[in-house]
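Here is how the chains run, residue by residue.
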Amino acid sequence: MKENVYETERIFNNNLTRKVLIKRYEEIREFSLKIVETMETEDFVIQPVPDVSPTKWHLAHTSWFFEEFVLRKAKVEYKSPNDKYAYLFNSYYVRAGERWLRSHRGLLSRPTVKEVFEYRSHVDNAMVSFLENAVDEEIAEFAVTIDIGLHHEQQHQELMLTDIKYVFSINPLYPTLVDDKLIETTEIEGVKWISFDEGIYEIGHNGDGFFYDNEKPFHKALLQDYKIANRLVTNKEYIEFIEDGGYKNAVLWLSEGFTTVEENKWEAPLYWRKINDEWWNYTLAGFKKVNPDEPVCHVSFFEAEAYAHWAGARLATEFEWEVASQNLPVDGNFVDDEFFHPIPMKADNGSINQMY
């Protein structure tokens with residue numbers, strides 16, 4: 001019924017209507033809060049390394065985006081709770097003004113976590129009011145910006161999860177963000193190879209619907225014959241690489257990669273530890289034994305390239321991956337499932353699995 005209602009509305013851009021924008025805005029903003037609902041106040045403020053931002057900064061920055069690029073431009077009566085938030089919560093938007101140093105985000109005890117949540121509510125109330133009451137011409141003017149802002153927030157949801165994981169992982173108490181979930185899987189078989197013929201293929205985004213600028217331009221690319229594995233590399237297979245001396249054999253690595261291994265004393269993927277001859281890893285559901293059937297994760301490009309070399313293969317190029325995925329259903333372990341961790345292959349569909 002709702003879809004019929006939406007169809008009667010004016011479509012502003014890429015099938016976006018006023019009601020669709022409101023619904024998406026509320027759902028996406030609410031999901032950010034759902035991610036952090038089990039966290040304690042102290043969890044929101046930690047920044048152990050410059051590449052990790054405190055969770056409260058993510059929550060504030062995604063609110064600042066709508067304040068800066070929609071509310072300040074569309075509503076002259078809008079007033080921020082604090083004009084300095086624009087300086088504190090800008091990230092890399094040079095045209096929006098000066099920015100607080102990324103590496104110093106963890107030094108900000110103020111605004112408090114409570115004030116950041118109040119800031120989100122303030123922006124949300126103003127945004128929903130704007131979306132409900134603005135004339136069609138105003139909605140049309142800002143529809144694309146709002147859509148970008150929502151995709152931007154979803155990117156930060158991913159960042160929040162990865163940053164929270166790092167913050168929690170360095171705590172010997174190994175806090176958990178979510179409960180562990182069990183899924184039924186089938187036995188993982190050996191790798192099968194799917195062939196693709198040489199040819200000229202169309203690559204990139206054709207401009208229909210939402211896309212980021214790095215997906216353009218739409219163009220043609222010449223690919224040679226190639227094969228791609230029918231599934232991802234499992235933890236069990238990666239452990240075989242480790243136990244075969246993979247991290248000690250310089251022949252397998254790019255020069256810079258092996259230097260990085262030696263300088264950082266890498267012996268396994270990030271979050272892995274060997275205890276009593278068994279591999280354990282930290283997940284957002286806690287510290288547990290490595291599941292041999294799960295796809296290996298938290299490996300760098302250097303590690304992935306070295307493993308491929310060891311396995312007698314190579315990494316797929318961006319173009320090869322895109323062509324291989326073009327006719328597959330968009331199905332996978334998405335954030336909506338709330339596993340927040342790679343899951344084993346459920347069943348072999350006879351083609352390529354786990355592309356998403």
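1. Describing the overall build of the protein chain
And step 1. When its secondary structure is counted, the protein chain shows ten helices and seven strands.
And step 2. Oriented by its inertia axes, the alpha-carbon framework of the protein chain measures out at about 65 × 50 × 40 Å.
And step 3. Here the analysis covers contacts within the protein chain between residues at least 6 apart in sequence; of these, 72% occur between residues at least 24 apart.
And step 4. On the protein chain, roughly 20,400 Å² of surface is accessible, and the fraction owed to carbon and sulfur atoms is 51%.
And step 5. Computed over 37 positive and 62 negative side-chain charges, the inter-centroid distance for the protein chain is 5 Å.

2. Regarding empty space enclosed by the protein
And step 1. If you walk through the whole model with that rule in mind, you get one cavity of 30 Å³ or more.
And step 2. What lines the largest cavity is simply Lys56, Trp57, Phe89, Arg105, Leu108, Arg110 and Pro111.
And step 3. Each residue belonging to the lining of the largest cavity can be placed in one class, and the counts come to four nonpolar, no polar and three charged.

3. Let's talk about the environment of lysine 288
And step 1. Within the secondary structure layout, lysine 288 lies in strand β7 (residues 286-289).
And step 2. In the structure, lysine 288 is positioned 16 residues away from tryptophan 272 in sequence and 9.7 Å away in space, judged by C-alpha atoms.
And step 3. Discounting chain neighbours no more than four positions away, the residues touching lysine 288 are Asp180, Trp280, Asn281 and Thr283.
And step 4. Reaching out from lysine 288, the side chain makes a polar contact with the side chain of aspartate 180 at a distance of 3.1 Å.

4. A word on helix α3 (residues 55-74)
And step 1. Taking 1.5 Å of rise per residue, the 20 residues of α3 would be expected to cover 28 Å, and the 28 Å separating its terminal C-alpha atoms lies within 8% of that figure.
And step 2. At glutamate 67, α3 shows its maximal bend, which comes to roughly 35°.
And step 3. Of all 20 residues in α3, 18 are buried; the element is thus mostly enclosed.

5. Comments concerning the layout of surface pockets
And step 1. Approximately 370 Å³ is the volume attributed to the second largest pocket.
And step 2. Lining the second largest pocket are 17 residues, with Gly204, His205, Glu215, Glu318 and Glu322 positioned closest to its centre.
And step 3. Tallying contributions element by element places helix α10 (residues 318-325) first for the lining of the second largest pocket, with five residues.
And step 4. Class assignment for the residues of the lining of the second largest pocket results in six nonpolar, six polar and five charged.

Conventions we followed
Residues numbered from 1 in each chain as written. Predicted model: local features only at pLDDT ≥ 70, side-chain atom pairs only at ≥ 80, totals over all residues. Heavy atoms only, no water. Helix = DSSP H or I, 4+ residues; strand = E, 2+ residues; numbered from the N terminus. Contact = heavy atoms within 4.5 Å. Areas by Shrake-Rupley, 256 points an atom, 1.4 Å probe, with all protein chains shown as cover. Lys, Arg positive; Asp, Glu negative; His and termini not counted. Charge placed at Lys NZ, Arg CZ, Asp CG, Glu CD. 1 Å grid on protein atoms, 1.4 Å probe; cavity = no way out; pocket = protein on both sides within 12 Å on 5 of 7 lines; lining within 4 Å. Points joined across faces, edges and corners; volume = space filled by probe spheres on them. Nonpolar A, V, L, I, M, F, W, Y, C, P; charged D, E, K, R; others polar. Polar contact = N/O pair within 3.5 Å; in protein donor to acceptor, adjacent residues only side chain to side chain. Expected span 1.5 Å × (residues − 1). Bend = angle between axes of the 7 residues up to and from the residue. Buried < 20%, exposed > 50% of the residue type's maximum accessible area, 1.4 Å probe, protein only.

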